[in-house]
Structure formats: C-alpha cells, structure tokens
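These are the residues of each chain, in order.
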Amino acid sequence: MSTTQETPYLFDPANWEFGAAGSIPSFIVTHLYYTGLALAIAILIAVPVGLYIGHTGRLAFVAINAGNAGRALPTLGLVSLLVTMFGLGLIPALIALVILAIPPILTSTYAGLRAVDRAAVDAAKGMGMRELGILLRVEIPMALPLIISGLRSAALQVVATATVAAYVGLGGLGRLLVDGLALNQYDRVVAGAVVVAVLAIVIDLVAEGIQRLVVSPGISGRALTRPSKSFPTVSPTQPRAGTASAG
Amino acid sequence: MITFDGVRKVFPDGTVAVDNLDLELPTGKITVFVGPSGCGKTTSLRMINRMIEPTSGRILIDGDDVTSQDDALLRRRIGYVIQHAGLFPHRTIAENIATVPHLNGVNKKKARAVALELMDRVGLDESMADRYPVQLSGGQQQRVGVARALAADPPVMLMDEPFSAVDPIVREVLQAEFLRIQGELGKTIALVTHDIDEAIKIGDMVAVFRQGGHLAQFATPQELLERPANDFVADFVGRDRGFRSLSFDTAAALEVDDLFSVATGGEVLVLDGAGHPHGWTGPGLGSTSNPTPLGGTFVTGDSLRLVTDLAISSPVGIAVRVDETGRADGVLRHDSLVRQLNARRRRRAEAESTS
Ligand SMILES: Nc1ncnc2c1ncn2[C@@H]1O[C@H](COP(=O)(O)OP(=O)(O)OP(=O)(O)O)[C@@H](O)[C@H]1O
Ligand SMILES: [Mg+2]
C-alpha cells in the first residue's frame, strides 16, 4: 500500500492507474458489471410480469405487494442468508441485487400500464388492433415515462448496493469500503463512497438522456408549446424518481 | 345495410342495456341513435363492431352476420369515432390517422399520403401533420378522430357523440363539415347523440331510444317532429317541434300577395330603382329615405321555418319574397301564412289517413 499520509486516497494518481488491479478504474468496471448484470436479469423478470399484470389486470396484488416487500428486505441480511445457501461468490450477491431491483421495476411497469388512458386503448381495439399490437404500440409507449422511472430508481439502488459484493469476497467499489474499514484508512472509505455517489449521478443522467430519446414528445410534454386545456393525457410526471441515497 | 335482428344485451350484473332491438340502417345514409342517458345507444353502436357481443339476436352488415368474421378484421372495415376523439397521445397527427392503413400493411409513404389527403378533407392544415394531439384544440382533435376513422375508406362508420366535446359554435361548424363530407362519400353511418336537435339536423333516419334499451320510434326527422309515436317521443323531441318541423318544407308552395296589395296598416314597401326592397315606411315607421329595415327576405327555396320567422319578426308582420336577382316579387302577411300552414297540416293529415 503506497498511500501517503499527505495525499488522500481519492486524489492519489497511483490509485487511478488504468488497468492496474486494485485501482479505482478497475473497481468501477467491476462494479458496473455487477450492476448491469443484476439490472438486466431483473428487467427480464420484472418487465414481462409487470406488463402481463398491467395489461390483463390479473394478479395485481403481486405487483402491489412486491413493492412493499422490496422495501422491507434488508439486503445485507439477505446476502448473509444466501451465502449460507450458495457459499461465497457472485451468485448470492447477484441474487440479492436482482431481488432489490425487481420491486421498483415491477411496480412502476404495472402502474404505468394501468395509468394508460382507457379511451386510447378502446380506440386501438375499435380500429382493429390485436392484443399484442395494443400492448406494443399503444400501452407500452404511453407507459414508458413510468416504466423508465422505475428502471432509474432500480438502477440507483443497485449501483449503491452493489458494494455488498465485497462482503462476499468479490471486487467492485465495495472493496474500498471493506478494506478501508479493515485497515482503518478512512480516506479510502470516503473515496469509495464518493465514487459510488458520482457513479449513481452519472447513471441517472444517462438514463434521463435515454428517456428523452425514447419517450414520445407527445406524452413527455416536450411537444407542448402551449398548455392544452381539453385533452386528458396520461400525466407526464415521474412519480417516485429514485433518490440517490446509498442504502 | 346494417340489420339488428332481435338483439338483446344483458350485462353480467343483470342490467338490460338493449332489449329486443329490430332496426335497419339504410346503406349510404346517416342513422342517428338518440335518447336519454343510459338508454343503450352506445351499447347498440358497439355491438355493430363487436366491441360488445350481444346476449342474443343477430347483427348483419349487408346480410353477413358480424360474428361470422374475425373481430379485428371486421373492425378495420368499420370506421369508429369515439367521444373525446380517443387519439393516441404518443403519435403524431399523421400517424394517428394512418393507424388502420398501417395495420392493413400499407407502406409508410403511402399511408402518410392518405393521412395528408384526409387532413385536407376534414379541414386541417397540412402543417399539423407532425404535431401531437396535445398541441391541438378540442375541435381539431375531433376532426383528427373523424379523419382516422375514414382512413381505410370503410363503407360503414360508427360515431359515438363525435361532436359533444366541443362548444356549440365549433359543433355547428363540425356538423356542417360532416354533412358536406358525407355528401361526397355517402357512407353508411350510425351516429350516437343525446342531442335531439343534432339528431334532427344530421339524421336521414332517427332511432329514438328510451330507458331500458327499448326503441321508441324509428322515423325520418320530419316524421318524428310531425307525428311522434307516443308521449315519450313527443316529450323528448320538445315543445317547439311544430315550428321545427317547418324546416323540412320549402316556401315554394306558398302563395304570396302583390307587392302593392292593399295594406290594412298603411305600411308601404320601399324599393330602390332596381326593385330591391329597402324597408318599410308608413305610420309609426321610418321615412322613405330612411325606412324601417325589413329584417330579411326569402326566396322560394328557403324553408317554411325561415318564412315563418321572418313574418313573426317583421316590424309589420309581413315577410317579403325576392327573386334570384334580389328584386322583391311578393309579400306574405302573417295571417295568410297561418291560413296556409293550417291548410297544409290538414292536407298532410288526410294524406296520411288515406295511405
Ligand atoms: N360494462 C357494463 N356493465 C354493466 N352495465 C353496463 C355496462 N356498460 C353499460 N352498462 C349499462 O347499460 C345501460 C346502457 O348503457 P349505454 O352506455 O349503452 O348508454 P348510452 O345510451 O350510451 O348512455 P349515454 O348517453 O350516457 O352515453 C346503462 O344503464 C349502463 O349503466
Ligand atoms: Mg353513450
């Protein structure tokens, strides 16, 4: 450890060497890898389930309860439990992160679909669209702002919580926290916290950019040069946009 | 032709929305469903394109049972305009209108061309093609709704209160444009409204529904006003139906008096050199150089309703008729008008009792 007393860990150029094992950039890459993998799996599970529940109205209690259950689960406890089942390694950390990410995605996908103007769905059906067409061409595009806000909030929680990977012997930015605490190097802990926070902000900004690209100007409100009195659109607000508090 | 054959609809909760409906909607004409709220108009309309399935009975379009066809394909051949337009907020105006052509596999370029043509037809400027519904006024959205229903050129159109979401002035404009478009296209149209005046104005045939999904009367607007089948219809049609029924006949059969026939009140019609009427002069009226205005004139093609209104509102109780060039060619005193209207009513009643 070449940390000097004078330069805090975060600002020591030696810790920013690209490609070097144990450097901040390599931790970031690993951290993003865990985050991305967990989110991808969560999306693959939660989006189709949310779409099914939202489109059919069946099993709505699943979506509603998932939100509450998700908030109540302590991730660290869950990881410990999973380690006793699967041993140390990627699997327990990944499962915990996926379980963390599913509720916000599932709930907002469901809520997004439910909030779609029934008149538009009725018109779609009345013009001869079939169920799948209605879902893909009417319901999802109209629900996108809410679906994406769920994804954003999931991404923020996962990127903050992916630090638990270090507790099960893996890499990522959690290493800075765990090792810093073990070595009593608090500047290292601070470095870890700061980098995670910055990463969370960057991810959210990127997500916002994507949202701008994929959400139709007709519902995001961007098409609106003047306020319209008469048309009842789905409100283009983003309820429950994720907060960046590291959990 | 759309045929309702003993159609009945009972919702799962036991509500009888439509009861034993037999009805024939003539091809190429506008049939209006009218009646108080909750009497089954929308339910009847939506059974035509199978948005609602009847509990019993059949609905036929040109002899084919609607239930014998794939529902999505059936709907693509039936234009559907819903209340408040029901536009897709995430799609541009042109995309909204091109929905059905798109479903039918028409390519993008051609679908857009169709959309632009229809925008023109319903009186929307082409510059709105790439706007979104939120950027349009209520009346403009309603036009888009109509254009969208027309896009696949369906022979049949269903319209559920298409003009109810806009203010009365815009409604008049939309109704007039709708009648103009229908004059060009001649679709078979079923239109729902709760507004009896709208029904009488735009319907070729009017079906009056009453609570419980019963058909109270099916008739032309004129018949409805002149011979309501029962008290419910008479009540629904309204008090001044006698006056309104005068809209359906022209003034062609009215006998008028000479311009200078003897006037009991001493009033004199002032004409200019070309014979155009300028106003009235006489005791209590304006001078020859500054006569009391007529308040309007009529030609033989105008409705009896207009003539009656002119006679009533005229300062001297006399309606003035003019020829095509605007020259006064006769006067009609209100007592003579009342006599002629009475005779007309007697003739109609006789004609009906002998037929
Ligand atoms: N899905 C449904 N389930 C149960 N009852 C229904 C349903 N849809 C309509 N009804 C009932 O059926 C009756 C007829 O409804 P419908 O919508 O056809 O009326 P309407 O004549 O169009 O009325 P309005 O002028 O208010 O639109 C009403 O009593 C209504 O409450
Ligand atoms: Mg209705």
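If you're wondering where the values come from, they're calculated on a predicted model, not measured in any experiment.

Residue and element names in this part refer to chain B. One open sheet holds the 4 strands; their spatial order is E2-E1-E4-E5, and the pairing between them is antiparallel. Single-partner strands in this sheet number two, and they are strand E2 (16–25) and strand E5 (64–65). Where strand E1 (residues 2–10) and E2 come together, 6 bridges link them in antiparallel fashion. Note on E2: the bridge partner recorded for Thr-3 is Glu-24.

Attention shifts here to the domain arrangement of chain B. As far as domains go, chain B holds domain 1 (2–239) and domain 2 (251–342). Here the C-alpha centroids of domain 1 of chain B and domain 2 of chain B sit 43 Å apart.

All names here are of chain B. One pass over the full model with this rule turns up 5 cavities of 30 Å³ or more. For the largest cavity, the calculated volume is near 80 Å³. As for the largest cavity, its lining consists of Val-122, Gln-142, Arg-143, Val-146, Phe-163, Leu-174, Glu-177, Phe-178 and Ile-181. Mapped onto the lining of the largest cavity, the elements with two or more residues apiece are helix H6 (138–150) and helix H7 (168–185). Broken down by element, the lining of the largest cavity gets its largest block of residues, 4 residues, from H7. Among the residues making up the lining of the largest cavity, the classes are represented as 6 nonpolar, 1 polar and 2 charged.

Turning next to the interface of chain A and chain B. Each side of the interface is counted separately: chain A has 27 residues, and chain B has 32 residues. Counting the surface lost from both chain A and chain B, the interface buries some 2500 Å², and carbon and sulfur atoms represent 61% of this. The salt bridge partner of Arg130(A) is Asp70(B), with a shortest N-O separation of 3.2 Å. At the junction of chain A and chain B, the tally comes to 5 residue pairs in polar contact (both at pLDDT 80 or more).

Turning our eyes to something else, we now look at the site of ligand 1. Residue and element names in this part refer to chain B. The environment of ligand 1 is made up of Phe-11, Asp-13, Thr-15, Ala-17, Ser-37, Gly-38, Cys-39, Gly-40, Lys-41, Thr-42, Thr-43 and Glu-161. Its free accessible area being 640 Å², ligand 1 has 62% of it covered by the protein chains. A per-class count over the shell around ligand 1 returns 3 nonpolar, 6 polar and 3 charged.

The next point concerns helix H6 (residues 131–161) of chain A. All names here are of chain A. The terminal C-alpha atoms of H6 lie 38 Å apart, and with 31 residues this falls more than 12% below the ideal 45 Å at 1.5 Å per residue. Considering bend angle alone, the principal kink of H6 is centred on Leu-144 and spans about 60 degrees; proline Pro-145 follows within four residues of it. Buried residues dominate H6, accounting for 25 of its 31 residues.

Residue and element names in this part refer to chain B. Among the surface-exposed residues, Glu-117, Asp-120, Asp-125 and Glu-126 lie close enough to one another that they form a single negatively charged patch. Along the chain, the position of Glu-117 falls in helix H5 (residues 108–121). A relative accessible area of 55% means that Glu-117 is categorised as exposed.

Soluble globular proteins tend to bury their nonpolar side chains together. Formed by 68 residues in total, the largest nonpolar core has its most connected members in Ile2(B), Phe4(B), Phe33(B), Ile48(B), Phe88(B) and Leu158(B). In contact with Phe88(B), not counting residues within four places along its chain, are Ala120(A), Ala123(A), Ala124(A), Met127(A), Met129(A), Val138(A), Asn96(B), Thr99(B), Pro133(B) and Arg148(B). Of all hydrophobic cores here, the second largest spans 44 residues; its members include Val81(B), Phe178(B), Ile189(B) and Val233(B).

Moving on: the environment of Ala147(B). Residue and element names in this part refer to chain B. Counting through the fold element by element, Ala-147 comes out in helix H6. Since its relative accessible area comes to 0%, Ala-147 is described here as buried. As a C-alpha pair, Ala-147 and Phe-243 span 96 residues in sequence and 35 Å in three-dimensional space. Residues in contact with Ala-147, not counting those within four places in the same chain, are Ile-97, Leu-118 and Val-122.

Residue placement: Glu177(B) occurs in helix H7. Polar side-chain contacts of Glu177(B) include one of 3.1 Å to the side chain of Arg143(B).

Residue and element names in this part refer to chain B. Spatially, 3 strands are ordered E13-E14-E15 in an open sheet, and the strand pairing comes out mixed. Unpaired on one side and paired on the other, strand E13 (297–298) and strand E15 (328–333) mark the two borders of the sheet. Bridging between strand E14 (residues 318–322) and E15 involves 5 bridges; their strand directions are antiparallel. Pairing of Val-322 across the sheet is with Ala-328, part of E15.

Residue and element names in this part refer to chain A. Running from N to C, helix H3 (residues 75–86) and helix H4 (residues 90–114) point in directions that differ by 140 degrees, and their axes come no closer than 8 Å. Between H3 and H4, the angle falls in the class oblique. Of the two possible hands of crossing, H3 and H4 adopt the one that is right-handed. Every residue of H4 that contacts H3 at Thr-75, Leu-78, Val-79, Leu-82, Val-83 and Phe-86 is listed here: Ile-91, Pro-92, Ile-95, Ala-96, Ile-99 and Leu-100.

Any two packed helices are characterised by how steeply their axes cross, that is the angle between the axes, and by the distance between the axes. All names here are of chain A. Across the interface, helix H2 (residues 60–72) lies against H4 with an axial gap of 8 Å and an inter-helix angle of 145 degrees. In this structure, H2 crosses over H4, and the sense of that crossing is left-handed. Here H2 contributes Ala-60, Val-62, Ala-63, Ile-64, Ala-66, Gly-67 and Gly-70 to the contact with H4, which in turn contributes Pro-103, Leu-106, Thr-107 and Tyr-110. Its residues assigned to classes, the contact of H2 with H4 comprises 8 nonpolar, 3 polar and no charged.

Thresholds, definitions, all that
Residues numbered from 1 in each chain as written. Chains lettered and ligands numbered in written order. Predicted model: local features only at pLDDT ≥ 70, side-chain atom pairs only at ≥ 80, totals over all residues. Heavy atoms only, no water. Pairing = 2+ DSSP bridges. Helix = DSSP H or I, 4+ residues; strand = E, 2+ residues; numbered from the N terminus. Domains from an automatic or database assignment. 1 Å grid on protein atoms, 1.4 Å probe; cavity = no way out; pocket = protein on both sides within 12 Å on 5 of 7 lines; lining within 4 Å. Points joined across faces, edges and corners; volume = space filled by probe spheres on them. Nonpolar A, V, L, I, M, F, W, Y, C, P; charged D, E, K, R; others polar. Contact = heavy atoms within 4.5 Å. Buried area = accessible area lost by both parts, 1.4 Å probe. Salt bridge = Lys/Arg side-chain N within 4 Å of Asp/Glu carboxyl O. Polar contact = N/O pair within 3.5 Å; in protein donor to acceptor, adjacent residues only side chain to side chain. Near = heavy atom within 4 Å. Areas by Shrake-Rupley, 256 points an atom, 1.4 Å probe, with all protein chains shown as cover. Expected span 1.5 Å × (residues − 1). Bend = angle between axes of the 7 residues up to and from the residue. Buried < 20%, exposed > 50% of the residue type's maximum accessible area, 1.4 Å probe, protein only. Patch = residues over 30% accessible without salt bridge, like charges linked within 9 Å, V, L, I, M, F, W, Y side chains within 5 Å. Lys, Arg positive; Asp, Glu negative; His and termini not counted. Charge placed at Lys NZ, Arg CZ, Asp CG, Glu CD. Core = buried A, V, L, I, M, F, W, Y, C linked by side-chain atoms within 4.5 Å. Axes fitted to C-alpha atoms, helices over the stretch in contact; angles between N-to-C directions. Parallel < 35°, antiparallel > 145°, perpendicular 65-115°, else oblique. Left-handed = near helix turned anticlockwise from the far one by under 90°.

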